[in-house]
Amino acid sequence: MRNRYDLTLLVMLAMPGFAAYGDENHTAPTKQPAGKQSGQHATDLGRPASISAATRTVEVAMGDSMRFKPERIETRRGETIRFVVRNQGQVKHEFVLGTQAELKKHAALMAKFPQMEHDDPNAVSVEPGKTAEFAWTFAKSGSFDFACLVPGHFEAGMKGKIVVHR
């Protein structure tokens, strides 16, 4: 009887650790397909789109220099862009669309839980030497951002700007 009690207590104590991974768009460390389409992040920028709806493709290179190429992307309100993101480095990198406030908040969460995997339509995690893609329709004019939120990368300057014209 004592062993059953110990096991129940152990399971109960472990459960809050699973809940600590954040919101509905993040999961405990698991392998998930890059660019899986769900969640509600980056709604200030627009909305996820199908690859076939894209009117333009933007190729983004990222690497261990902690920089994106290009660092600035311009688009028009209503345009759907297919992002093809290539990791030319030796470590995992990410491409995450968002507002500066969203990205800073998300970077802080990633620092607490570095093994967290994304399940967001506005982001891809890309292993070294690999490529991932997703499409996004930009609904509002303004200046927005993208960044790599792997712990330490955002702080090292791995970020860029998206300017959405009318």
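Residues numbered from 1 in each chain as written. Predicted model: local features only at pLDDT ≥ 70, side-chain atom pairs only at ≥ 80, totals over all residues. Heavy atoms only, no water.

Peer 1: Honestly, the overall build of the chain in this entry has me stumped. Any pointers?
Peer 2: Along the backbone of the chain there are two helices and twelve strands. When the helices and strands of the chain are read in sequence order from the N terminus, they spell out α-β-β-β-β-β-β-β-α-β-β-β-β-β. For the chain, contacts bridging at least 24 residues in sequence account for 78% of all contacts bridging at least 6. When the accessible surface of the chain is totalled, it reaches about 9,000 Å², and 56% of it is carbon and sulfur. (Helix = DSSP H or I, 4+ residues; strand = E, 2+ residues; numbered from the N terminus. Contact = heavy atoms within 4.5 Å. Areas by Shrake-Rupley, 256 points an atom, 1.4 Å probe, with all protein chains shown as cover.)

Peer 1: Would you mind showing me how to read the pattern of salt bridges here?
Peer 2: For side chains bearing opposite charge, pairing can occur when the charged atoms are close. Going through the model one piece at a time under the given rule, you end up with six salt bridges. The closest approach of N and O atoms between arginine 56 and glutamate 79, which form a salt bridge, is 3.0 Å. You can see arginine 56 sitting in strand S3 (residues 56-62) and its partner glutamate 79 sitting in the loop between strand S5 (72-76) and strand S6 (80-87), a full 23 residues away along the chain. For arginine 56, a relative accessible area of 30% gives the class partly exposed. (Salt bridge = Lys/Arg side-chain N within 4 Å of Asp/Glu carboxyl O. Buried < 20%, exposed > 50% of the residue type's maximum accessible area, 1.4 Å probe, protein only.)

Peer 1: Looking at this structure, I do not really get the packing of aromatic side chains. What am I missing?
Peer 2: Aromatic ring pairs are described here by two measures, namely the spacing of the ring centres and the angle between the planes. This model, assessed by the stated rule, comprises seven aromatic pairs. Pairing phenylalanine 68 with phenylalanine 95 gives two aromatic rings, centres 5.8 Å apart and planes at 80 degrees, and the pair type is edge-to-face. Highlighted residues: phenylalanine 68 in strand S4 (residues 68-69) and phenylalanine 95 in strand S7 (residues 93-98), separated in sequence by 27 residues. Accessibility assignment for this pair places phenylalanine 68 and phenylalanine 95 in one class, buried. A cation over an aromatic ring shows up here: lysine 159 above the ring of phenylalanine 154, its NZ or CZ 4.4 Å from the ring centre. (Phe/Tyr/Trp six-rings, centres within 6.5 Å; stacked < 30°, edge-to-face > 60°. Lys NZ or Arg CZ within 6 Å of the ring centre and 35° of its normal.)

Peer 1: Mind showing me how you'd approach the sheet that holds strand S2 (residues 46-49) here?
Peer 2: Across the sheet, five strands lie side by side as S2-S10-S6-S3-S4; this open sheet has mixed pairing. Here the strands that pair on one side only, and so sit at the sheet edges, are S2 and S4. In terms of strand pairing, S2 meets strand S10 (residues 131-138) through four bridges, oriented antiparallel. Residue pairing in the sheet places glycine 46 in a bridge with phenylalanine 138 of S10. (Pairing = 2+ DSSP bridges.)

Peer 1: Explain the pairing of S10 to me, please; I cannot follow it from the model alone.
Peer 2: Put simply, side chains in a regular strand alternate between the two faces of the sheet. Across the eight residues that make up S10, a large majority, six, are buried. In this sheet, S10 lies alongside S6 in antiparallel orientation, the contact comprising seven bridges. When the sheet's bridge partners are listed, threonine 80 is paired in S10 with threonine 137.

Peer 1: Would you explain the side chain of histidine 93 in this entry?
Peer 2: Relative to the elements of secondary structure, histidine 93 occurs in strand S7. For histidine 93, a relative accessible area of 0% corresponds to the buried category. Separated by 3.1 Å, the side chains of histidine 93 and histidine 153 make a polar contact. Residues within four places of histidine 93 in sequence aside, it is in contact with Met62, Gly63, Asp64, Met66, Asn87, Val124, Ser125, Val126, Cys148, Val150, His153 and Met158. (Polar contact = N/O pair within 3.5 Å; in protein donor to acceptor, adjacent residues only side chain to side chain.)

Peer 1: Sorry if this is basic, but what is going on with the nonpolar core here?
Peer 2: Generally speaking, soluble globular proteins have nonpolar side chains that are buried together. Judged by nonpolar contacts, the single largest core of 25 residues is most densely connected at Phe83, Phe95, Leu97 and Phe138. It is S10 that contributes the most residues to this core, four residues altogether. Contact partners of phenylalanine 95, with chain neighbours within four places excluded, come to Val60, Phe68, Phe83, Val85, Asn122, Ala123, Val124, Phe134, Phe146 and Ala147. The next biggest cluster of nonpolar side chains, apart from the first, holds nine residues, and it includes Leu103, Met110, Ala123 and Phe154. (Core = buried A, V, L, I, M, F, W, Y, C linked by side-chain atoms within 4.5 Å.)

Peer 1: What should I look at first to understand the pairing of S5 in this one?
Peer 2: On S5, burial follows the alternation: Ile73 and Thr75 on one face are buried, whereas Arg72, Glu74 and Arg76 on the facing-out side are not. Strand direction decides the pairing type here: S5 and strand S12 (residues 159-165), joined by five bridges, are parallel. Its bridge partner lying in S12, glutamate 74 is registered against valine 163.

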